[in-house]
Amino acid sequence: MLNWQYLKFKDINLEDSFFDSLKEDYSEFSDWFERKCENNAYVFKNDNNEIDGFLYHKIEEEAVTDISPPLPPKKRLKIGTFKVNAHGTRLGERFIKKSLDFALLEGVSEVYVTIFPKHEALIDSFKRYGFREVADKTTTNGVELVLLKQMGVYIGEVKSDYPYIDNTGRKFILSLYPEWHSRLLPDSILNTESKDAVVKDISHTNSIHKVYLTAMSGVESLCKGDILVIYRTSDKKGPAHYRSVATSICVVEETKDISCFSTLDEFIGYTASYSIFKKRELEAFYSEKKYPTIIKFCYNVALSKRVTRGEMIDDLGMSANQYWGFFELTESQFEGIIKKGKVNESLIINKA
């Protein structure tokens, strides 16, 4: 299961083999680690209690002068150490999401990280989400690239702009059953759910991108940039008026029909890493074409406060009698969900 811990450096075993490559890359790593004894870092451990991921953040406000060209004074988040053991679960995407979530919480203007050029896959991951090369850092260990993302700057590309949302997109409610919802959107599980039971170290849980298959009418009309308010249907433990809730805001990347894949392998290659469904389920879906519409979307934000079906009906003017699987929202209804959900308003970009 997913085992996140937020630990002081002094409580982390520096002799774990996980840190060997960092010691090789940075001659001063052990000394630096010891000096940080009272600082905290995110640690991810696997089922064998071995470290599989390590993430350290630092807030800076002074000029960054040890790089060329230097960066002027500004409130920034430095991703001081970022390492995952690659094992096919997209844990790196989860770490990037956690870093950007932290940046939003701290209200920084920029996020930056230094990486040796040999780490090509990691560099590509950062660039996918809007980081760009701005400088070099030269030390006795060699030359590192400095990758930086400006927060709140919108360029019009769903992935690069993540986690920001272009408010000009159409808005829709999309419902998910509870058993699918929490496996697909781990940051949006409810207080009444067991995190240990539903959040595991698997690719569709960790990934910023999600793939969902459905037969709901109208979903096939979704386009890149459309906004989805994810609606978790009732768990049947009480009236849907109170138990069904809006939990998340996502942005559509693309929509495909299952018939567009000429082979099963092509279909599995597109869906498996980002879907909640097991391979045998996907094979059956491809054979039967039971769920023909495939939506790929970015998981941008979990609502700080879940918005109940009752609130959406009583306060935002939605109809109790409409089909709640999928329907379009008005601008005022979407704005109401954002406000009731206590979404960080800086995430919603209103282009002039």
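The structure under discussion appears in the preceding block.
Residues numbered from 1 in each chain as written. Predicted model: local features only at pLDDT ≥ 70, side-chain atom pairs only at ≥ 80, totals over all residues. Heavy atoms only, no water.

Peer 1: Describe the overall build of the protein, with residues and values.
Peer 2: The number of helices and strands found in the protein is 13 helices and 15 strands. The buried share of the protein, taken over its 352 residues, is 53%. In the protein, once contacts between residues fewer than 6 apart in sequence are set aside, the share between residues at least 24 apart is 72%. Carbon together with sulfur atoms contributes 47% to the accessible area of the protein, which is approximately 16100 Å² in total. (Helix = DSSP H or I, 4+ residues; strand = E, 2+ residues; numbered from the N terminus. Buried < 20%, exposed > 50% of the residue type's maximum accessible area, 1.4 Å probe, protein only. Contact = heavy atoms within 4.5 Å. Areas by Shrake-Rupley, 256 points an atom, 1.4 Å probe, with all protein chains shown as cover.)

Peer 1: For helix α10 (residues 264–271), give the residues involved together with the corresponding values.
Peer 2: Taken together, the buried positions of α10 are Phe267, Ile268, Tyr270 and Thr271. For α10, the angular spread of the buried residues around the axis is 165°, confining them to a single face. Exposed residues lying more than 90 degrees from the buried face of α10 are Asp265 and Gly269. In this structure, the buried side of α10 is in contact with β10 (209–214), β12 (245–257), α11 (279–288) and β13 (293–308). (Arc of directions from axis to C-beta.)

Peer 1: With reference to specific residues and values, describe the nonpolar core.
Peer 2: In terms of nonpolar packing, the biggest core is built from 54 residues, with Val111, Phe126, Ile249, Met312 and Ile337 touching the most fellow members. With seven residues, the single largest contributor to this core is helix α3 (residues 91–106). (Core = buried A, V, L, I, M, F, W, Y, C linked by side-chain atoms within 4.5 Å.)

Peer 1: Describe the pairing of β10, naming the residues involved and giving the relevant values.
Peer 2: Look at any regular strand and the pattern is simple: side chains alternate between the two faces of the sheet. A large share of β10 lies buried, amounting to six of its six residues. Burial along β10 is two-sided: the residues His209, Val211 and Leu213 and Lys210, Tyr212 and Thr214 are all buried. With six bridges connecting them, β10 and β13 associate as antiparallel partners. Along β13, the bridge assignment pairs Leu213 with Ile294. (Pairing = 2+ DSSP bridges.)

Peer 1: Give me the sheet that holds β12: which residues, what numbers.
Peer 2: Note on sheets: strands pair through backbone hydrogen bonds, and any given pair is parallel or antiparallel. Reading across from one edge, β10-β13-β12-β11-β9-β14 is the order of the six strands in this open sheet, with mixed pairing throughout. Of all strands in the sheet, those with a lone pairing partner are β10 and β14 (326–328), marking the two edges. The average undirected angle you get between the axes of adjacent strands in this sheet is 35°. α10 rests against β10, β12 and β13 of the sheet, and its axis sits at about 25° to β13. Seen against the sheet, helix α13 (residues 331–340) touches β9 (171–176), β11 (227–232), β12, β13 and β14 and runs at an angle of roughly 55° to β13. (Axes fitted to C-alpha atoms, helices over the stretch in contact; angles between N-to-C directions.)

Peer 1: A description of the side chain of Glu144 should follow, citing residues and the corresponding values.
Peer 2: Here Glu144 lies in strand β7 (residues 142–150). One buried charged residue, Glu144, forms no salt bridge at all, with the nearest opposite charge on Lys137 at 4.8 Å. Polar side-chain contacts of Glu144 include one of 2.6 Å to the side chain of Tyr26. Those residues in contact with Glu144, other than ones at most four positions away along the chain, are Tyr26, Thr114, Ile115, Phe116, Ala135, Asp136 and Lys137. (Lys, Arg positive; Asp, Glu negative; His and termini not counted. Salt bridge = Lys/Arg side-chain N within 4 Å of Asp/Glu carboxyl O. Polar contact = N/O pair within 3.5 Å; in protein donor to acceptor, adjacent residues only side chain to side chain.)

Peer 1: Break down the state of the cysteines for me, citing the residues and quoting the values.
Peer 2: Inspection of the entire model under this criterion finds zero disulfides. Not engaged in a disulfide, the cysteine Cys298 finds its nearest cysteine sulfur in Cys250; these two sulfurs lie 8.5 Å apart. (Disulfide = S-S within 2.5 Å.)

Peer 1: How would you explain the packing of aromatic side chains if you had to name every residue and give the values?
Peer 2: Summed over all chains, the structure comprises 27 aromatic pairs. Pairing Tyr6 with Tyr42 gives two aromatic rings, centres 4.8 Å apart and planes at 40°, and the pair type is tilted. With a gap of 36 residues between them, Tyr6 in strand β1 (residues 3–8) and Tyr42 in strand β2 (residues 40–45) connect regions that are remote in the sequence. Note on Phe9 and Phe54: the rings are 5.6 Å apart at their centroids and 90° apart in plane angle, and the pair reads as edge-to-face. Separated by 45 residues along the polypeptide, Phe9 in the loop between β1 and α1 (20–25) and Phe54 in strand β3 (residues 51–60) bring together distant segments of the chain. Using a relative accessible area of 1% as the deciding quantity, one classes Phe9 as buried. The rings of Phe9, Phe18, Phe19, Phe29, Trp32, Phe33, Phe54 and Tyr56 are connected pair by pair, giving a single aromatic cluster. Over the ring of Tyr299 we find Lys97; its NZ or CZ atom is 4.7 Å from the centre of that ring. Over the ring of Tyr42 we find Lys98, and its NZ or CZ is 4.8 Å from the ring centre. (Phe/Tyr/Trp six-rings, centres within 6.5 Å; stacked < 30°, edge-to-face > 60°. Lys NZ or Arg CZ within 6 Å of the ring centre and 35° of its normal.)

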